[in-house]
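The chain contents come next:
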Amino acid sequence: MAPADRPLGRYELRDPDVRLMLQVRDDDAAAFEELMLRYQHRVLRVLEHLAPSPSEAEDLAQEVFLRVFRARKSYTPDAKFSTWLFTIVHHVASNARRKRANRQEVQLVSSPSGQVELGGMDQWAQATSGVMPSRVMARLEMREVVRAALTHLNPRQRMAVLLNKFEGMSYADIAQTMGTSVQAVKSLLARARLTLKEVLEPYLSQGRRPRDSSGTGRWTPVPS
Amino acid sequence: MTTSPAANSDESLLTDLVAYLDGELEPQRARRVEQLLFSDPKVQEEVRKLEQSWELLDHLPQTVVSDNFARTTVELVLEDLSQQIQARQRSLPRGRRRWGLLLAGLMALGSFLTWVAVDSLWMNRETQFLQQLPVLEQLEKYEEAGSVEFLQEMVRRGQVPVPDPAVSPHRP
């Protein structure tokens, strides 16, 4: 079969980023830089909610682009470029999470107090109280509430939500990115949205902020 | 532990509602959800809350990429590449390694000379532009003049600047 007849060709035709990546495959450094500039915000936006700190998110984003460069010679355009890129993001984030879990295990064993520190909301509230105009406070509070709500999702749910909400990916693309089935993505997103609703509802109705990241995940049945 | 049929049904309805909101539900099931939405205020309320909490995600802070992110990433990539080349060099027999080093040196020299050539060409263009700047600033007047004789008259009266021929890049 001629190369143009293969289904692979359609991604080259439709996706300019696939064409850029093919240039990277041919050792075009400028094309690599262009791709990086196009995607650095998007990659970092997802990793910020998967990594424990902004600096670690940036380190992971660099690792993603390093892997893109390393993988250039074996790149084949059999998906949209963003799908391929976020598959790498998913792998990098998963590996980092596993490493972090191992480290935390070691730290917990060696910690004399055994106390678990809950950062985020409480520290933020103490740091900002009484020093900012109320409108700014409200906006910052909303951000922090939503950020805290995201921590109630498990990492796979969070990844699915971030890809769906911020990357606008279809269920099929999310499934390909996360190496799972469309049905599993449906289920991940349904449970994630239920958790978000349950965590955020008290804030929306009574102004009660979510305090910790122990998600409940049960849906109050809707009688039909 | 087994899940009751009622719980399964709730879960299935939730999955369908969310897929419907995302435009990912098959047409037949989408119609079923629409019928439910039309007839059941509690389902309407549930969908409203799901939508409301989803929209709150728009309030997450904008991502700020540090100024040096691209530069440090390129440095990281170059360092990685250099390590790969060194590792490859180490795995080569000694004679071939020498040829490799020579080749790498020649490539570096070539890159340097190209850079010097491009840089000096760019400098020439900049110098030329600066020299012709007074003429460019008066271009509209020159165009209005229409003839060389008129321009010469204007120069004689000192109403237009004359580029210094001593620094002209086109000087023979």
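Residues numbered from 1 in each chain as written. Chains lettered and ligands numbered in written order. Predicted model: local features only at pLDDT ≥ 70, side-chain atom pairs only at ≥ 80, totals over all residues. Heavy atoms only, no water.

This next bit is on the overall build of chain A. A count of helical and extended segments in chain A gives ten helices and zero strands. Each helix and strand of chain A, placed in order from N terminus to C terminus, yields the pattern α-α-α-α-α-α-α-α-α-α. Expressed as a percentage of its 224 residues, the buried residues of chain A come to 45%. Sequence separation of 24 or more characterises 62% of the internal contacts of chain A that already satisfy a separation of 6 or more. Only carbon and sulfur atoms are counted for the fraction: they give 51% of the accessible area of chain A, which is about 11900 Å². (Helix = DSSP H or I, 4+ residues; strand = E, 2+ residues; numbered from the N terminus. Buried < 20%, exposed > 50% of the residue type's maximum accessible area, 1.4 Å probe, protein only. Contact = heavy atoms within 4.5 Å. Areas by Shrake-Rupley, 256 points an atom, 1.4 Å probe, with all protein chains shown as cover.)

Turning next to the pattern of salt bridges. Taken as a whole, this structure holds 23 salt bridges over all chains when the rule is applied. For the salt bridge of Asp27 of chain A with Arg72 of chain A, the shortest nitrogen-to-oxygen distance reads 3.0 Å. Of this pair, Asp27 of chain A sits in the loop between helix H2 (16-25) and helix H3 (29-48) while Arg72 of chain A sits in the loop between helix H4 (54-70) and helix H5 (81-110), placing them 45 residues apart in sequence. The class of Asp27 of chain A is partly exposed, set by a relative accessible area of 46%. For Arg193 of chain A, the salt bridge is made with Asp22 of chain B, and the minimal N-O distance between the two is 3.0 Å. One end of the pair, Arg193 of chain A, is in helix H10 (residues 182-206); the other, Asp22 of chain B, is in the loop between helix H1 (5-21) and helix H2 (27-39), on a second chain. A network of salt bridges, in which partner residues are shared, links Glu201 of chain A together with Glu45, Arg48 and Lys49 of chain B. (Salt bridge = Lys/Arg side-chain N within 4 Å of Asp/Glu carboxyl O.)

Glancing now at the interface of chain A and chain B. Taken together, the 47 residues of chain A in the interface contact 45 residues of chain B. When chain A packs against chain B, the two sides together hide about 4500 Å² of surface, and 67% of this comes from carbon and sulfur. Connecting chain A to chain B are eight salt bridges. Between chain A and chain B we count 14 residue pairs in polar contact (both at pLDDT 80 or more) in total. Among the elements of the structure, H3, H4, helix H7 (134-150), helix H8 (155-165) and H10 of chain A are those that each provide at least two residues to the side of chain A that touches chain B. With 13 residues, H10 of chain A is the largest single contributor of residues to the side of chain A that touches chain B. In terms of residue class, the side of chain A that touches chain B is made up of 24 nonpolar, nine polar and 14 charged. (Buried area = accessible area lost by both parts, 1.4 Å probe. Polar contact = N/O pair within 3.5 Å; in protein donor to acceptor, adjacent residues only side chain to side chain. Nonpolar A, V, L, I, M, F, W, Y, C, P; charged D, E, K, R; others polar.)

Moving on: the side chain of Asp40 of chain B. All names here are of chain B. Topologically, Asp40 is positioned in the loop between H2 and helix H3 (41-55). No salt bridge is formed by the buried Asp40; its nearest oppositely charged neighbour, Lys42, is found at 6.7 Å. Within the structure, the side chain of Asp40 is placed 2.8 Å from the backbone nitrogen of Lys42, a separation counted as a polar contact. (Lys, Arg positive; Asp, Glu negative; His and termini not counted.)

Turning to the nonpolar core, a few remarks are in order. Residues and elements named next belong to chain A. Core analysis: the largest hydrophobic core is formed by 83 residues, its most contacted members being Val43, Leu47 and Phe81. Considering each element in turn, this core owes the most residues, ten residues, to H10. Ignoring sequence-local partners within four residues, the contact set of Val43 consists of Ala61, Val64, Phe65, Leu85, Phe86 and Val89. (Core = buried A, V, L, I, M, F, W, Y, C linked by side-chain atoms within 4.5 Å.)

This next bit is on the confidence of the model for chain A. Residues and elements named next belong to chain A. With 77% of its residues at a pLDDT of at least 70, chain A reaches an overall mean of 81. Across residues 111-122, confidence stays below pLDDT 50; counting only partners more than four residues off in sequence or on other chains, it has ten contacts. The low-confidence segment residues 214-224 (pLDDT under 50) makes 26 contacts with residues lying over four places distant or belonging to another chain. (pLDDT = per-residue confidence, 0-100.)

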